[in-house]
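# Understanding the architecture of this molecule
One letter stands for each residue in the lines below.
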Amino acid sequence: CSAVPAPAPLFSALLNYRHSQTEAMVDSAPVWQGIELLSGEERSNYPIVLSVDDLGEGFSLTAQTLTPVAPERLCALMHTALDNLIMALETAPDTAMRQIGVLPEAEHRQVLYDWNATQADYPWDCCLHELFEIQALQTPDAEALAWDDERLTYAELNARANRLAHHLRSLGVKPDDRVAICLARGFELVISQLAVLKAGAAYVPLDPAYPEERLAYMLVDSAPLVLLTDSGLKARLADRSAGARLIDLTADAAQWAHQPSDNPDLAVVGLTPQHLAYVIYTSGSTGQPKGVMVPHAGVMNLVSWHNR
């Protein structure tokens with residue numbers, strides 16, 4: 001009836017409020033005379049249980065949790081919420097419940113300040129793909145991409161992007177040219193983006209889920225020199241390429257398999273941080289979508305500013 005598929009539990013947390021007696025009251029009860037309590041444990045099949053024992057003059061909190069949730073943290077959250085609730089009832093009874101704080105001071109400081117202490121120096125005067133190339137040089141065997149059961153290391157990803165970049169250069173792609181990319185999520189999408197940047201051009205992302213009219217408009221408006229796609233989308237885009245050279249990354253891969261796997265030289269490419277990195281289009285909710293041209297320096301300055 002709940003429509004929750006088995007074996008997922010219908011409830012995953014239990015709040016148990018119970019009227020209890022203090023140990024002194026239990027020990028003095030006639031029924032316990034002559035009986036010694038050796039030990040006792042509570043267990044539940046709920047992942048999280050919070051028990052509130054009402055002792056008459058006060059109450060205690062007991063939590064049972066599965067890892068990685070710490071029962072001490074759950075009790076600390078509830079203790080803080082109750083403290084703040086009592087304070088609000090005594091001093092500001094009109095306070096909205098959503099304004100009652102539940103984070104202990106140490107955790108509040110961690111969330112607001114410790115986790116946001118991310119200041120770092122960024123090389124704002126370089127191109128986007130240079131940061132990736134530095135990482136590939138430092139950790140070539142580290143995993144860079146994962147898609148289903150496949151993996152690519154930084155070295156493998158860099159080499160594949162470089163071969164495609166050299167091929168794009170051989171087609172005449174140069175700084176500030178646009179290269180459109182219409183691909184589903186996967187390795188080839190990331191490889192294509194890196195390759196376009198390495199070749200010196202700006203990539204224009206085209207979501208295959210876009211309507212035909214929107215794709216056609218973006219291609220005409222951005223005027224790409226090359227359109228990168230795959231066999232599944234090629235036929236759909238063939239009549240809408242707006243004069244761009246259509247490259248099927250699946251069927252045409254042999255054309256750049258012999259290309260060098262080393263990084264294209266920025267000086268030879270003639271690329272600087274002031275050249276375009278990508279062209280992104282607005283949603284078009286008020287009419288035709290508008291392309292926004294973003295240079296490498298604009299992105300790097302923004303990242304640097306956010307981390308000051």
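What you are looking at is a predicted structure, and each value in this text was computed from that prediction instead of being measured.

### Notes on the overall build of the chain
- Looking only at helices and strands, one finds ten helices and eleven strands in the chain.
- Here the chain has a C-alpha radius of gyration of 31 Å; the compact-globule value for 308 residues is 19 Å, and the former is much larger.
- With the principal axes as the frame, the chain shows a C-alpha extent of 95 × 45 × 45 Å.
- Here the chain holds 308 residues, and the buried ones make up 32% of them.

### Remarks on the packing of helix 5 (residues 154-170) against helix 6 (residues 187-199)
- Look at helix 5 against helix 6: their axes get within 8 Å of each other, and the N-to-C directions meet at 55°. Viewed along their axes, helix 5 and helix 6 adopt a mutual orientation that is oblique. Of the two elements, helix 5 crosses helix 6, and the hand of that crossing is right-handed. Residues Leu-157, Asn-158, Arg-160, Ala-161, Asn-162, Leu-164, Ala-165, Leu-168 and Arg-169 of helix 5 lie in contact with helix 6, whose contacting residues are Glu-188, Val-190, Ile-191, Ser-192, Leu-194, Ala-195, Val-196, Lys-198 and Ala-199.

### Points about the sheet that holds strand 1 (residues 13-19)
- With mixed pairing, the three strands of this open sheet are ordered in space as 1-2-3. Single-partner strands in this sheet number two, and they are strand 1 and strand 3 (59-65). Ignoring which end each strand starts from, the neighbouring axes of this sheet average 15° apart.
- Alignment of strand 2 (residues 48-54) against strand 3, held across seven bridges, turns out to be antiparallel. For Val-49, the partnering residue across the bridge sits in strand 3 and is Gln-64.
- Sitting on the sheet, helix 2 (residues 71-91) is in contact with strand 2 and strand 3, with an inclination near 145° to strand 3.

### Considerations on the nonpolar core
- Membership of the largest hydrophobic core comes to 30 residues, with the highest contact counts inside it found for Leu-164, Leu-168, Val-196 and Leu-228.
- Of all the elements in the fold, those that place two or more residues in this core are helix 4 (128-138), helix 5, strand 6 (178-181), helix 6 and strand 8 (226-229).
- Those residues in contact with Leu-168, other than ones at most four positions away along the chain, are Val-173, Ala-195, Val-196, Ala-199, Val-226, Leu-228 and Ile-247.
- Counting residues in hydrophobic clusters, the runner-up holds 13 residues, among them Leu-219, Ala-244, Val-279 and Tyr-281.

### What to know about the packing of aromatic side chains
- If you walk through the whole model with that rule in mind, you get two aromatic pairs.
- Plain terms: the ring middles of Phe-132 and Tyr-154 are 5.7 Å apart, the flat faces sit at 35° to each other, and that makes the pair tilted. With Phe-132 in helix 4 and Tyr-154 in helix 5, the pair connects residues that are 22 residues apart, well separated along the chain. Note on accessibility: Phe-132 and Tyr-154 belong to one class, buried.
- One Lys or Arg, Arg-214, reaches over the ring of Tyr-210 and ends 4.4 Å from the middle of that ring.

### Some points on the pattern of salt bridges
- One pass over the structure, following the stated rule, counts ten salt bridges.
- Here Asp-53 makes a salt bridge to Arg-18, at a shortest N to O gap of 2.5 Å. With Asp-53 in strand 2 and Arg-18 in strand 1, this residue pair connects regions lying 35 residues apart in the sequence.
- Owing to a relative accessible area of 9%, Asp-53 belongs among the buried residues under this scheme.

### Some remarks on the environment of Leu-128
- Within the element layout of this structure, Leu-128 appears in helix 4.
- Given the relative accessible area of 22%, Leu-128 is considered partly exposed.
- Between the alpha carbons of Leu-128 and Ser-12 there is a distance of 45 Å; along the sequence they are 116 residues apart.
- Excluding residues that lie within four positions of it along the chain, Leu-128 makes contacts with Leu-197, Ala-277, His-296, Val-299 and Met-300.

### Some words on the confidence of the model for the chain
- Per-chain confidence: the chain averages 89 in pLDDT, with 94% of residues scoring 70 or above.
- When pLDDT is averaged over each helix and strand of the chain, the minimum, 61, is found for helix 1 (residues 23-28) and the maximum, 97, for helix 5.

### Examining helix 2
- For helix 2, with 21 residues, the first-to-last C-alpha span of 30 Å sits near the 30 Å given by 1.5 Å per residue.
- Of all the positions in helix 2, only Cys-75, Thr-80, Ala-81 and Ala-88 are classed as buried.
- In this fold, the buried residues of helix 2 make contact with strand 3.

### Some words on the packing of helix 4 against helix 6
- Between helix 4 and helix 6, the shortest axis-to-axis distance is 9 Å and the interhelical angle comes to 110°. Overall, the two elements helix 4 and helix 6 adopt an arrangement that is roughly perpendicular. Crossing geometry of helix 4 relative to helix 6 is assigned as left-handed. Facing Leu-128, His-129, Phe-132 and Glu-133 of helix 4, the residues of helix 6 in contact are Leu-194, Leu-197 and Lys-198.

The rules we used
Residues numbered from 1 in each chain as written. Predicted model: local features only at pLDDT ≥ 70, side-chain atom pairs only at ≥ 80, totals over all residues. Heavy atoms only, no water. Helix = DSSP H or I, 4+ residues; strand = E, 2+ residues; numbered from the N terminus. Rg over C-alpha atoms; globule rule 2.2 N^0.38 Å. Buried < 20%, exposed > 50% of the residue type's maximum accessible area, 1.4 Å probe, protein only. Axes fitted to C-alpha atoms, helices over the stretch in contact; angles between N-to-C directions. Parallel < 35°, antiparallel > 145°, perpendicular 65-115°, else oblique. Left-handed = near helix turned anticlockwise from the far one by under 90°. Contact = heavy atoms within 4.5 Å. Pairing = 2+ DSSP bridges. Core = buried A, V, L, I, M, F, W, Y, C linked by side-chain atoms within 4.5 Å. Phe/Tyr/Trp six-rings, centres within 6.5 Å; stacked < 30°, edge-to-face > 60°. Lys NZ or Arg CZ within 6 Å of the ring centre and 35° of its normal. Salt bridge = Lys/Arg side-chain N within 4 Å of Asp/Glu carboxyl O. pLDDT = per-residue confidence, 0-100. Expected span 1.5 Å × (residues − 1).

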